[in-house]
Amino acid sequence: MNDASMQDDGTKGVSRRRFITGTGSLLGVAAIVGHAPRAWAGVRAAAAPIGSGVHVPVLVIGTGYGGSVAALRLAEAGMDVHMVEMGMAWDTPGADGKIFANTTRPDDRSFWLRTRTKQPLSNFLGFPLDKDVNRHTGILDAEEFGGITVYQGRGVGGGSLVNGGMAVTPRRENFGAILPTVNAAEMYGTYYPRANSGLGVTTIDPAWFDSVDCYQYARVGRKHAQRSGFPFLFVPAVYDWDYMKREAAGAVPKSALDGEILYGNNHGKKSLQKTYIERIRATGRVTISPLHKVTTVTPAPGGGYTVLIDQLDTGGRTTVTKTVTTDKVFFAAGSVGTSKLLVGLKATGALPLLNDEIGRGWGDNGNVMCGRANHLWDPTGKVQSSIPTGGIDNWDAGGAFAEIAPLPTGIETWASFYLSITKNPHRARFTWNAAAGKAELDWQTAWKQPSIDAAKTIFDKINKKEGTIYRTDLFGTYKIWGDHLTYHPLGGAVLDKATDNYGRLRGYSGLYVIDGALIPGNTSVNPFVTITALAERNIERIIATDL
Ligand code: FAE
């Protein structure tokens, strides 16, 4: 997990629970520590969810990066917007006083409609980690297709709720291969800076990084990379570093230093809830309906579109199906969500004029994970920040960019852990299985081999130099590679193929794609900055010309 795993609740200093109950509310914290710790207060969803039979000018499906950029810019341009989100609002604490569950102690909040957890890292020291939970509309979806499990965030904020916060702009020389029809000068001159600013991206203070226990694992990773001749680079992130410094000092409730990430982060991470969605709320023009899932979009008799929406309860059951009409629909359900919707809508005749590119060009961003077993004299540290800050760039020579990821178990593991993003050439396709009534993906597990080969260009060399070996206990029994999953689904409605060069779906006016589905399978680094920047570019054009 780039971001994740298992940490003992090693809260030192102030116990978070005592802190919350003791102050009455998290707002009270500000008075105690001097300034607000940016505790997640959540964003209030619409007081009343969208009603059946209403007409809305613009409907945005999904509240992740693409959807949030679209809603903000449309609202700023004077449009009234409704956002529909299948996941929960994540604005209400559970019985433990926290909104989000700890990564080491998954509970009902942790997984989307599963009765057993499916943790990305399934084993540790020979012990399986998964456990039974109650079926609930939890935050992390481990969606299983034939050859791959695709992890996605569910809730208001989409993937920003669960991701590692690594906010990486690709190297400009790689951009032509990422989005070949997009003007790189515009992206690097205008839209990447706009995205980085909107997301609150910053880089760790290198002097603090060098001095603090919680990044010992990353310093060990840097040392090993550099001794083998690989460039190490600091990776920007969307964490409040000042808050993390105070976590390390024991002055505030711990979040990154308590291993929080995969099932949400209660304090320091600047998820979309604290950036774009906070600004969306301030416009007063956007309403959000959580636990509402779009199932159908079809042309309405008098123009515009009719949208069917299932309202869900927290057991995932449909309580009511609503019919809404709208002039414009933005598909921002994520690469998988948007692709599944569109292939279904085309195949079932709801949107038959969508072209044959729908569902194609899907890739896993070349994700593959591995661990290395270090020597006893090379400890990686008991307390590991869940926010990665370093990467090893071997893209040009070996086709791999590896993030040095934490393994925050709360005990010394002598392990180095990595999520590599690799130049994997395989692209899969979503198709509609009419008999089963669902979309399928034809990715094959064997297609991960090029990713493994690329990652080995880094880690075989480091192992040889250091006299170390791969860990074999993290993904099963005697299994080196985490090659069963991706955190970074991309494609399925590729820019300038399924859509025009700004995300307008071919075949229909007033339908747009504005999320990771536009990107043809790989970004060479972690994807959310590119998804955000592309959305900023496209919505600017759409507002200027279509509205
Ligand atoms: P996304 O953020 O997935 O939002 C789509 C939203 O649509 C979700 O909230 C869905 O619940 C909702 N939705 C889906 N279908 C429907 C429907 N039918 N009706 C209503 N709502 C629907 O899409 N990326 C990085 O750059 N850096 C990282 O460190 C990083 N770490 C990650 C760690 C994990 C564990 C995971 C899962 C992902 C990570 N990512 C990371 C990937 C990143 O979060 C992802 O690329 C973006 O969230 C995708 O943004 P989209 O706007 O495409």
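(A) Highlighting the overall build of the chain. Tallying secondary structure elements over the chain gives 13 helices and 20 strands in all. Its C-alpha atoms give the chain a radius of gyration of 22 Å, within 12% of the compact-globule value 24 Å for 547 residues. Once the C-alpha set of the chain is aligned to its principal axes, its extents read approximately 75 × 55 × 45 Å. The buried share of the chain, taken over its 547 residues, is 61%. Partitioning the contacts of the chain with sequence separation of at least 6, the portion at a separation of at least 24 is 74%. Total accessible area on the chain stands at roughly 18800 Å², and carbon and sulfur atoms take up 54% of it.

(B) Local environment of the packing of helix α7 (residues 216–227) against helix α12 (residues 449–466). Relative to each other, α7 and α12 sit at 90°, their axes nearing to 9 Å. The orientation of α7 relative to α12 falls into the category roughly perpendicular. Across the interface between the two elements, His224, Ala225 and Arg227 of α7 pack against Ile462, Lys465 and Glu466 of α12. Of the residues that constitute the contact of α7 with α12, the class distribution is two nonpolar, one polar and three charged.

(C) Main features of the pairing of strand β16 (residues 430–433). Bridge count between β16 and strand β17 (residues 438–441): four bridges; the pairing is antiparallel. Residue pairing across strands places tryptophan 432 opposite alanine 439, the latter belonging to β17. Linking two consecutive strands that pair antiparallel, namely β16 and β17, is a turn of four residues; a positive phi of about 65° is found at glycine 437 within it.

(D) Focus on the side chain of glutamine 273. For glutamine 273, the position within the fold is in the loop between α8 (241–248) and α9 (276–283). A distance of 3.2 Å separates a polar side-chain atom of glutamine 273 from the backbone oxygen of alanine 89.

(E) View of the side chain of aspartate 91. As for its placement among the helices and strands, aspartate 91 is situated in the loop between β2 (81–84) and β3 (123–124). On the basis of relative accessibility, which here comes to 12%, the residue aspartate 91 falls in the buried class. Engagement of the side chain of aspartate 91 in a polar contact is seen with the side chain of threonine 92, the distance being 2.8 Å.

(F) Structural view of the sheet that holds strand β19 (residues 485–486). Across the sheet, which stays open at both edges, the three strands sit in the order β5-β6-β19 with mixed pairing between neighbours. Single-partner strands in this sheet number two, and they are β5 (140–144) and β19. Judged from the two bridges that link them, strand β6 (residues 149–153) and β19 form a sheet pairing that is parallel. From the neighbouring strand, threonine 149 faces β19, where its bridge partner is leucine 485.

The rules behind these values
- Residues numbered from 1 in each chain as written.
- Predicted model: local features only at pLDDT ≥ 70, side-chain atom pairs only at ≥ 80, totals over all residues.
- Heavy atoms only, no water.
- Helix = DSSP H or I, 4+ residues; strand = E, 2+ residues; numbered from the N terminus.
- Rg over C-alpha atoms; globule rule 2.2 N^0.38 Å.
- Buried < 20%, exposed > 50% of the residue type's maximum accessible area, 1.4 Å probe, protein only.
- Contact = heavy atoms within 4.5 Å.
- Areas by Shrake-Rupley, 256 points an atom, 1.4 Å probe, with all protein chains shown as cover.
- Axes fitted to C-alpha atoms, helices over the stretch in contact; angles between N-to-C directions.
- Parallel < 35°, antiparallel > 145°, perpendicular 65-115°, else oblique.
- Nonpolar A, V, L, I, M, F, W, Y, C, P; charged D, E, K, R; others polar.
- Pairing = 2+ DSSP bridges.
- Polar contact = N/O pair within 3.5 Å; in protein donor to acceptor, adjacent residues only side chain to side chain.

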